[in-house]
Amino acid sequence: MAVAPYAKQPWKTLYLTSEVLFVIVSLPVWAVTFLFIRPRPTWSWAQSMITAILRIASSVPNAIGVFLPLPDYRAIEPTSDAEGVWIDGVPRLITAELKVWSAVANVVPARIPGYWYARKGFARKPTSPVKHGQRVFLFIHGGAFTQLSAHPKSMTSTLTSSLVELSDDAPHALSVEYRCSSTSPLPERHPFPTALLDALAGYNYLVNIIGYDPRNVIVTGDSAGGNLALALTRYLVENKGTAGVPLPSPPGRLLLVSPWVDLSNSHAIPGSAAFTNDVDVLGSCYAGRECPPYSELAYLRPFGMGMAFCNRYISPASLSPFVQARFEGFPRTFIIAGGAERLLDQIRTLRDKMTQDMGASQVGYYEGMDAIHDFVIFTWHPGRFDALKAIQEWLA
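Source: prediction; values computed, not measured.

Parameters at a glance
- Residues numbered from 1 in each chain as written.
- Predicted model: local features only at pLDDT ≥ 70, side-chain atom pairs only at ≥ 80, totals over all residues.
- Heavy atoms only, no water.
- Helix = DSSP H or I, 4+ residues; strand = E, 2+ residues; numbered from the N terminus.
- Contact = heavy atoms within 4.5 Å.
- Phe/Tyr/Trp six-rings, centres within 6.5 Å; stacked < 30°, edge-to-face > 60°.
- Buried < 20%, exposed > 50% of the residue type's maximum accessible area, 1.4 Å probe, protein only.
- Lys NZ or Arg CZ within 6 Å of the ring centre and 35° of its normal.

Q: In this structure, what is going on with the environment of valine 3? I would like to understand it.
A: Among the secondary structure elements, valine 3 is positioned in the segment before helix 1 (11-36). C-alpha separation for the pair valine 3 and leucine 148, spaced 145 residues apart in sequence, amounts to 19 Å. If near-sequence neighbours (up to four positions away) are discounted, valine 3 is found in contact with Asn62, Ser184, Pro185, Tyr294 and Leu297.

Q: How should I be thinking about the packing of aromatic side chains in this particular structure?
A: By convention here, two paired aromatic rings are described through the distance between centres and the angle between planes. The full count for this structure, using the stated rule, is eleven aromatic pairs. With 5.6 Å between their ring centres and 70 degrees between their planes, phenylalanine 192 and tyrosine 299 make a pair best called edge-to-face. Pair noted here: phenylalanine 192 is in the loop between strand 4 (172-176) and helix 5 (194-210) and tyrosine 299 is in helix 8 (residues 294-300), with a separation of 107 residues, a long-range link. Assessed through its relative accessible area of 1%, phenylalanine 192 is described here as buried. A ring pair is formed by phenylalanine 192 and phenylalanine 303, whose centres lie 5.9 Å apart and whose planes are at 70 degrees; its orientation type is edge-to-face. Taken as a pair, phenylalanine 192 in the loop between strand 4 and helix 5 and phenylalanine 303 in the loop between helix 8 and strand 7 (332-338) lie far apart in primary sequence, 111 residues in all. Through pairs of rings, three or more aromatic residues link up here, namely Trp101, Phe145, Phe192, Trp260, Tyr299, Phe303 and Tyr313. In this arrangement the basic side chain of arginine 253 is found over the ring face of tryptophan 394, its NZ or CZ atom lying 4.9 Å from the centre.

This is the structure in structure tokens:
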């Protein structure tokens, strides 16, 4: 199948119309079927219905590229639920492999927006200088590197808004509006490592502009954002103390929610969660070898798909012998996975690798029973409360 074959009109409208009609026709069938048979025994009828609809929606970007029109890096869109700020690029902090990859991909740092979220009763943006000991979340949103936004309009903002309510000493979160990738037949722009450059700018903003102690920064990401959170932390750990490059110290903590950590699909083998967890919201293209999704092709375009099989920043949990991803020096980490998500095996591999290098006391893990990919962002999901409670206990 071609990449995003229905990205252009009139095919885009025809495709979307056909998908809507398919859902309309399927709804009564699902409604009756789920009265007697559920995708998972623990799921309610309503949960089964919503997940079935989301599964259809998740396949749309692979057919048309960008799906939802949301705010992006080009402007700050006013909102009453967050405060937008501009974040300057940090060319002086680019070194080592990141400098090489940036040159190969012909990408440069840029000024991007960020959105401040605050606990109820607090000002949206923290005052500077920051109160001693106050912690902060740096949030990097998911969306397969190609979709969604840091803005409150994005579905991932539910997680950002919830995080700031979990701990008295962490009442703020900065969500970075990184530049999303796209490729043909849409404009070819912002491939790896563009988003990593933007995440680095957001981290530098917290530490060197606002004044947070790096030990009090909790780098957080969901799905593809979890991949970027790991990449940012790796860059700060591996290049700490580089002469002539004033990199901030690594963060104090790392929080990963359903992180997408194996773009090489090395876990997609018969009997794996990539195949057996076929009731997840993620489609088969996000777990199988037969059709790399649009998002992977857009993200890795200048380097080719082979980059996913040999690069520790892109596939830190890959089973490929060419990926030498180690985690010595990483901060205390908490990982959340869904028991029914396609990415489950790769997330467990990440947990095991981090535990081996860092020690069991440094790596926390929570697996939501029969939970779908990125379930913590869905306010309707029954497993969300317990997952947030587990994060709260880890933060304590």
